[in-house]
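Single-letter residue listing:
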Amino acid sequence: MTATPSTDRTRLAHSLVLLVPAVLFGLLVSIQWRTQSDRNELTIRYNTPLLDAAKTLQNEQAALKLQLADLRAQLDKIQTSASTQTGASKELQAAIDRLKLVAGLTERAGDGVIITLDDARGASAAKDVEKSICHNTDLTDIVNQAWRGGAESIAVNDERIVGSSSIYCVGSTIMVNGTLMSPPFAVAVIGPQNELLATYDDPTQLRDIKQRRDVYGLGFRVSRATGLHLPPYRSALNVRYATPR
Amino acid sequence: MRSNAGVIAVTAVALFLGVLAVTQIQAQDVYSRSLQLETPASLTTLIANLSERNNAIKDEILDLRSRTETARNAIASGQGSLTEAERQLSQLRVFAGMSAVSGAGITVRVDGSFDERALSDLVNELRNAGAEAIAVNTARVGPRSWFGATADRALTVDSIAVRGPWQVRAVGAPDVMYVAMTRTGGIIGQFELIYKGTRFDVSRETALDLPALATPLR
């Protein structure tokens, strides 16, 4: 069997065609392997029951919040019908309604801005994972900036921000008012549009987020929004230790 | 024949590669954010947190049920529902930071260099641990409060300057808040690593008196 120059060339061409995909294949397999190996045996053994428990608690919370909303509505109905009776109770009811509005316990509609925050999705994200993903501190900074700019009401992915709200991070999961959420985040802000836009444009503010957007492709965008609808706060009021003086 | 076999081989490899690449991209995307990939320790913290929140909602449901019943009975007997309205108003005034409050809680003392973002993070952490009312020095923190800094290194709460050493006082369950602040890997531990030379002290308090918001919400 003696190979002719033409069959040699064909073989070489075939080998080259296969070489590139083979190298890529090897690369992908090794990345996949490394991704998998990050999950150690402990994670695999204990995560299933823990995940089940977390999901059960989330479902329970959704049902409890519905019950709470229903009871609040019932009590409101009793109060409103009673407040038509006397002048004193009418005044009290007006004060209650005003406080509910400013404390975030009622639905709110109006104009303002929407800030979107998302993990970097492009190739630049690979440079530094920590700097390419959203952290709860990014959200607290964005919310702080909104109040500074004169915001009247804020909601993060439909969870209303009130006096007791926290933006909490467990591992890589973010929780607001007990609701678990993941990116992209939409921070809806009702308030004076020009002041709000100006406060986010201020180059001395949110420098870290803006730098990560420019270098690592973190998703961060502020835009004018009209006709926003913010839901009321749906969780517990939690006033048990504090007594008014 | 030979060239056909080559084409088939390349197509098969390319197809497999495509599937693998897509799987990899999806895996990476989900990897950063899936609950399934949290560590058992993170999931345990998450479960404790969810369970505490659910208990708070359950307590409030029980409380609201009895209040609804009381208000209904009062109206049925011709007494009106003033007591319930007063109770609701007083609860809302605390919640909105409109009334000065007393109660048990904790104090976090910060002596040394500190900044507004750290103060905002500390308040966020206290709220997550169930703080019902918070004040920084004598400035009450309200639902719309924001934190800033002045050129001369003072911090601000709603434009009111608060100077160090700072006392961040929070009314709420003292043990829960104390443990949340001081646990290994918790916020105070992180602060101690970042703000070297700054002294952080956390103490449980049996009675704290916090002022109302300087400017009431409108």
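Everything numeric here is computed off the predicted structure, so don't read it as measured data. (Residues numbered from 1 in each chain as written. Chains lettered and ligands numbered in written order. Predicted model: local features only at pLDDT ≥ 70, side-chain atom pairs only at ≥ 80, totals over all residues. Heavy atoms only, no water.)

Draft legend 1. Structural detail: the overall build of chain B. Helix and strand content of chain B: six helices and eight strands. Taken from the N to the C terminus, the helices and strands of chain B come in the order α-α-α-β-α-β-β-β-β-β-β-α-α-β. Per-residue burial for chain B yields a buried fraction of 51% across its 218 residues. Summarising the internal contacts of chain B: among those between residues at least 6 apart in sequence, 74% fall at separations of at least 24. Surface accessibility of chain B: about 10500 Å² in total, with carbon and sulfur atoms responsible for 56%. (Helix = DSSP H or I, 4+ residues; strand = E, 2+ residues; numbered from the N terminus. Buried < 20%, exposed > 50% of the residue type's maximum accessible area, 1.4 Å probe, protein only. Contact = heavy atoms within 4.5 Å. Areas by Shrake-Rupley, 256 points an atom, 1.4 Å probe, with all protein chains shown as cover.)

Draft legend 2. Geometry of the interface of chain B and chain A. On the chain A side, the residues contacting the 93 residues of chain B number 93 residues. Carbon and sulfur atoms supply 64% of the area that chain B and chain A bury against each other, a total of about 8600 Å² over both sides. Inspection of the region where chain B meets chain A yields six salt bridges. The salt bridge involving Arg240(A) is made with Asp59(B); its shortest N-O contact spans 2.8 Å. The set of elements that each furnish at least two residues to the side of chain B that touches chain A consists of helix 1 (2-31), helix 2 (40-76), helix 3 (82-95), strand 1 (101-111), helix 4 (116-128), strand 4 (147-149) and strand 8 (199-210) of chain B. Among the elements that line the side of chain B that touches chain A, the one with the most residues is helix 2 of chain B, at 25 residues. Its residues placed into classes, the side of chain B that touches chain A shows 41 nonpolar, 29 polar and 23 charged. Bridging between strand 9 (residues 243-244) of chain A and strand 1 of chain B involves two bridges; their strand directions are antiparallel. Opposite Thr243(A), over in strand 1 of chain B, you have Ser102(B) as the bridge partner. (Buried area = accessible area lost by both parts, 1.4 Å probe. Salt bridge = Lys/Arg side-chain N within 4 Å of Asp/Glu carboxyl O. Nonpolar A, V, L, I, M, F, W, Y, C, P; charged D, E, K, R; others polar. Pairing = 2+ DSSP bridges.)

Draft legend 3. Representation of empty space enclosed by the protein in the model. Inspection of every chain in the model, using the stated rule, returns three cavities of 30 Å³ or more. In terms of lining residues, the largest cavity is bounded by 16 residues, among which Thr140(A), Val143(A), Ser120(B), Asn124(B) and Arg127(B) are the most central. Put simply, the parts of the chain that give the lining of the largest cavity at least two residues each are helix 5 (136-148) of chain A together with helix 4 of chain B. Taken together, the residues of the lining of the largest cavity break down into eight nonpolar, seven polar and one charged. Volume-wise, the second largest cavity comes out at about 150 Å³. (1 Å grid on protein atoms, 1.4 Å probe; cavity = no way out; pocket = protein on both sides within 12 Å on 5 of 7 lines; lining within 4 Å. Points joined across faces, edges and corners; volume = space filled by probe spheres on them.)

Draft legend 4. The arrangement of helix 4 of chain B in detail. All names here are of chain B. In a regular helix each residue adds 1.5 Å, so 13 residues correspond to 18 Å; helix 4 covers 18 Å between its end C-alpha atoms and thus fits that length. Here helix 4 lies mainly inside the structure; 11 of its 13 residues are buried. For helix 4, the complete set of buried residues consists of Ala118, Leu119, Ser120, Asp121, Leu122, Val123, Asn124, Glu125, Leu126, Arg127 and Asn128. The backbone nitrogen of Arg117 has a side-chain oxygen 3.1 Å away, supplied by the residue at the start of helix 4, namely Asp115. Positioned one or two residues after helix 4, Gly130 has a phi angle of 95°, which is positive. (Expected span 1.5 Å × (residues − 1). Polar contact = N/O pair within 3.5 Å; in protein donor to acceptor, adjacent residues only side chain to side chain.)

Draft legend 5. Main features of the pairing of strand 2 (residues 153-156) of chain A. Residues and elements named next belong to chain A. Alternating residues of strand 2 divide into Ser153 and Ala155 and Ile154 and Val156, and every residue in both groups is buried. Here two bridges tie strand 2 to strand 3 (residues 159-160), and the two strands are oriented antiparallel to one another. Residue pairing across strands places Ala155 opposite Arg160, the latter belonging to strand 3. Hairpin connection between strand 2 and strand 3: a loop of two residues separates the two successive antiparallel strands, and Asn157 in this loop has a positive phi of roughly 40°.

Draft legend 6. Structural view of unusual backbone geometry. Here the residue pair Pro183(A) and Pro184(A) is connected by a cis peptide bond, since its omega of 5° sits within 30 degrees of zero. One can find Pro184(A) in the loop between strand 6 (179-181) and strand 7 (185-190). A cis amide bond, omega 0°, links Gly164(B) with the succeeding residue Pro165(B). In this fold, Pro165(B) is placed in the loop between strand 6 (160-162) and strand 7 (166-171). In this structure, Asp158(A) takes a positive phi of about 70° despite not being glycine. Note that Asp158(A) resides in the loop between strand 2 and strand 3. Since its relative accessible area comes to 49%, Asp158(A) is described here as partly exposed. Phi angles above zero are rare outside glycine, and Leu206(A) is one such case at about 50°.

Draft legend 7. Structural view of the packing of aromatic side chains. Residues and elements named next belong to chain B. The tally for this structure, following the rule as stated, stands at seven aromatic pairs over all chains. Relative to Tyr195, the ring of Phe191 has its centre 5.9 Å away and its plane inclined at 75°; by these criteria the two rings are edge-to-face. Summarising the burial analysis for this pair, Phe191 and Tyr195 share the class buried. Here the aromatic rings of Phe191 and Phe200 are separated by 5.5 Å at their centres, their planes lie at 25°, and the arrangement is stacked. Residue Phe191 is classed as buried on the basis of its relative accessible area, which comes to 5%. (Phe/Tyr/Trp six-rings, centres within 6.5 Å; stacked < 30°, edge-to-face > 60°.)

Draft legend 8. Local environment of the nonpolar core. If you look at the biggest cluster of nonpolar residues, it comprises 31 residues, and the most contacted ones within it are Phe114(B), Leu122(B), Leu126(B), Met181(B) and Phe191(B). Those residues in contact with Met181(B), other than ones at most four positions away along the chain, are Ile106(B), Leu122(B), Glu125(B), Leu126(B), Ala129(B), Gly186(B), Ile187(B), Ile188(B) and Val202(B). Ranked by size, the runner-up nonpolar core spans 28 residues in total, among them Leu117(A), Cys134(A), Ala151(A) and Phe185(A). (Core = buried A, V, L, I, M, F, W, Y, C linked by side-chain atoms within 4.5 Å.)

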